[in-house]
Amino acid sequence: GDTLLDWVFQFAVAASATAVMSGSFAGRMRFVIFCAIAFVLSSVAYPMLVHWIWHKHGWLRKQGFLDCAGAAPVHLFGGSMGLAITAGLGPRKGVFYQGKLQTRPSSPLYVLQGTLALVWGWLAYCSGMAGTLPETASTSLATVAAVNTMVAAAFATLVALLMSSYCSSWKFTSFYDVATGTLCGLVAITGPGAVVQGWEAALIGAVAVPLACALCKAIALLRLDDPVGIISVHGGCGLWSLIAVGLFANASPVGNETGLLHGGGIHLLAIQLLGCTMTLSWALGVTSLLFLLLSRVTSLRVSAAAEKMGLDEAEHNSAVDQLWTSLGYDCRCNQRTATNSFASSRNNSCSRSPSPSPSRSSSRGNQQQQQQ
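All of the points below concern the structure found in this document.

Scoring rules and cut-offs
Along each chain, residues carry numbers from 1 onward, in the same order as the chain's sequence is written. Only residues with pLDDT of at least 70 get local features here, since the model is predicted, and only at 80 or more are side-chain atom pairs given and counted; chain-wide, interface and lining totals rely on the full set of residues. Note that water and hydrogens are dropped before the side-chain values are worked out from all heavy atoms of the structure. Each helix is a run of DSSP H or I of at least 4 residues and each strand a run of E of at least 2, with the numbering of both proceeding from the N terminus. Here's how the labels work: a residue is buried when its accessible area is under 20% of the maximum for its type, exposed when over 50%, partly exposed in between, all with a 1.4 Å probe on protein chains only. Two residues form a contact once any of their heavy atoms are found within 4.5 Å. Per-residue accessibility takes into account occlusion by the displayed protein chains alone, with areas from the Shrake-Rupley method and a 1.4 Å probe. Think of a salt bridge as a Lys or Arg side-chain nitrogen and an Asp or Glu carboxyl oxygen that are within 4 Å of each other. Angles here are taken between N-to-C directions and fall from 0 to 180 degrees, while the axes themselves are lines fitted to C-alpha atoms, restricted in helices to the stretch in contact. Comment on the angle field: the value is read as roughly parallel under 35 degrees, roughly antiparallel over 145, roughly perpendicular from 65 to 115, and oblique elsewhere. Two helices that cross are described as forming a left-handed crossing if the nearer one is turned anticlockwise from the farther one by less than a right angle, and a right-handed crossing if clockwise. The residue classification treats Ala, Val, Leu, Ile, Met, Phe, Trp, Tyr, Cys and Pro as nonpolar and Asp, Glu, Lys and Arg as charged. All others, Gly included, are polar. By definition, disulfides here are pairs of cysteine sulfur atoms that lie within 2.5 Å. Note on aromatic contacts: the rings of Phe and Tyr and the six-membered ring of Trp form a pair at centre separations within 6.5 Å, being stacked when their planes are under 30 degrees apart, edge-to-face when over 60 apart, and tilted otherwise. Put simply, a patch holds well-exposed residues, over 30% relative accessible area, that have no salt bridge, with like charges counted together within 9 Å and Val, Leu, Ile, Met, Phe, Trp or Tyr side chains within 5 Å.

When its secondary structure is counted, the protein chain shows 15 helices and 4 strands. Split into buried and exposed, the 372 residues of the protein chain put 42% on the buried side. Long-range pairs, those at least 24 residues apart, make up 70% of the contacts in the protein chain between residues at least 6 apart in sequence. Roughly 19800 Å² of accessible area belongs to the protein chain as shown, and the carbon and sulfur atoms make up 63% of that amount.

Summed over all chains, the structure comprises 3 salt bridges. Among the ionic pairs, Arg92 bridges to Asp225, the shortest N-O distance being 2.6 Å. Taken together, the residues Arg92 in the loop between helix 4 (71-89) and strand 1 (96-97) and Asp225 in the loop between helix 8 (198-221) and helix 9 (230-248) connect sequence positions 133 residues apart. On the accessibility criterion, Asp225 (2% relative accessible area) is buried. Close ionic contact of Arg301 with Glu307 constitutes a salt bridge, the shortest N to O distance being 3.1 Å. One network of salt bridges, in which partners are shared, links Arg28, Arg92 and Asp225.

Look at helix 8 against helix 9: their axes get within 9 Å of each other, and the N-to-C directions meet at 140°. As far as their axial angle goes, helix 9 and helix 8 are oblique. Taken as a pair, helix 8 and helix 9 cross one another with a handedness that is right-handed. Counting all contacts with helix 8, which are made through Glu200, Leu203, Ile204, Val207, Ala208, Leu211, Ala212, Leu215, Cys216 and Ile219, the residues of helix 9 involved are Ile231, Ser232, Gly236, Cys237, Trp240, Ala244 and Phe248. Of the residues in the contact of helix 8 with helix 9, the class split is 14 nonpolar, 2 polar and 1 charged.

Time to look at the state of the cysteines. Applying the stated criterion across every chain yields a total of 0 disulfides. Take Cys184: it sits in no disulfide, and the sulfur closest to it among the cysteines is that of Cys237, at 3.9 Å.

Turning our attention to the packing of aromatic side chains. Applying the stated criterion across every chain yields a total of 8 aromatic pairs. Relative to Phe11, the ring of Trp7 lies with its centre 5.3 Å away and its plane at 15°, an arrangement referred to as stacked. A residue pair is termed a helical-turn pair when its members lie 3 or 4 positions apart in one helix, as Trp7 and Phe11 do in helix 1 (residues 2-22) at 4 residues. A residue is classified by how much of its surface remains accessible, and Trp7, at 57% relative accessible area, is exposed. An aromatic cluster is built from Phe25, Phe31 and Phe34, whose rings are joined through pairwise contacts.

With that settled, consider unusual backbone geometry. Positioned with a positive phi, Trp170 is a non-glycine residue whose angle comes to about 65°. Assignment of secondary structure puts Trp170 in the loop between helix 6 (139-167) and helix 7 (175-188). Residue Trp170 is classed as exposed on the basis of its relative accessible area, which comes to 56%. The backbone of Arg223 sits at a positive phi, close to 60°, despite the residue not being glycine. Along the chain, Arg223 turns up in the loop between helix 8 and helix 9. You can call Arg223 partly exposed: its relative accessible area is 42%.

Another point: a nonpolar patch on the surface. A cluster of nonpolar residues, Phe155, Leu158, Leu161, Leu162, Tyr166 and Trp170, forms a patch on the protein surface that exposes about 660 Å² of accessible area. Structurally, Leu158 can be placed in helix 6. Given the relative accessible area of 46%, Leu158 is considered partly exposed.

Take a look at the structure:
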């Protein structure tokens, strides 16, 4: 029973790490290559790393390394894998123009839906992950983790809102910046969520936003195409999350050590830095080796024509036009067909109004000529 429970638990965490990685190379990689990388990393690389961190016989665990909810095996690991793959694949066509990043977000609605889903999912995730701590962990730690998760996310959102407004000379606030700031706070509190106080959680979340912003600019200068900020948000804030444990931990369930700012000395901080170094090295090394081996067998990147077409259609035969047609829309005239009585009575249409047909225009012209 316990073995199956542990398997389901680690399956969910491994899937999260793979999902984090996948956002860094959107629009470029062949689907079969992604499946191969995801399989190897989730079945080989992740189990070894998580054994070091959470298993009672893991060498990092024995040293006193603390990660309450997966900042290392999910966020830092996934962000590091994304960094290696993004550097290997290169940027999408036309993303960098005259050395500057030229991208534009496409759907505020999807960003809002995804952010809200992540917020509530994170609340349960960080609370439930308190079970990875030793036997001293209790329900009270899960409660502390839930409160700190909300506090860190709230303060990170506030800082992102202020920074976005300031950067636009207080003319507007970017919705995307605020949503990204929320995720920064959530990632940053993942590591120390159960072992810090409320004001420390607020500080940890607030610091994560300018850190991720600086990393985003550095990544763009290096011409690394990271479409949704995986490297900066998950990799950078995951690194900060683990360092924050060494600074702010009050009474660590692992060895009962406290952080540097609570008089615990530098030992816990040194162990956390060691864990960060090992996670980065393991992720970059394994991913680079796997990338090199696969590149000798087949092409990793889609063709230029497929990239221009879009991978929905090129890799999955699921173009946007096909989606709308299946819902009853005629994409040639941007108008919904009357497939049922409700549609015909409402006369629903797409967002753009169809242009008047030539037959209607000619009939109106004939009527005017007759009247003259």
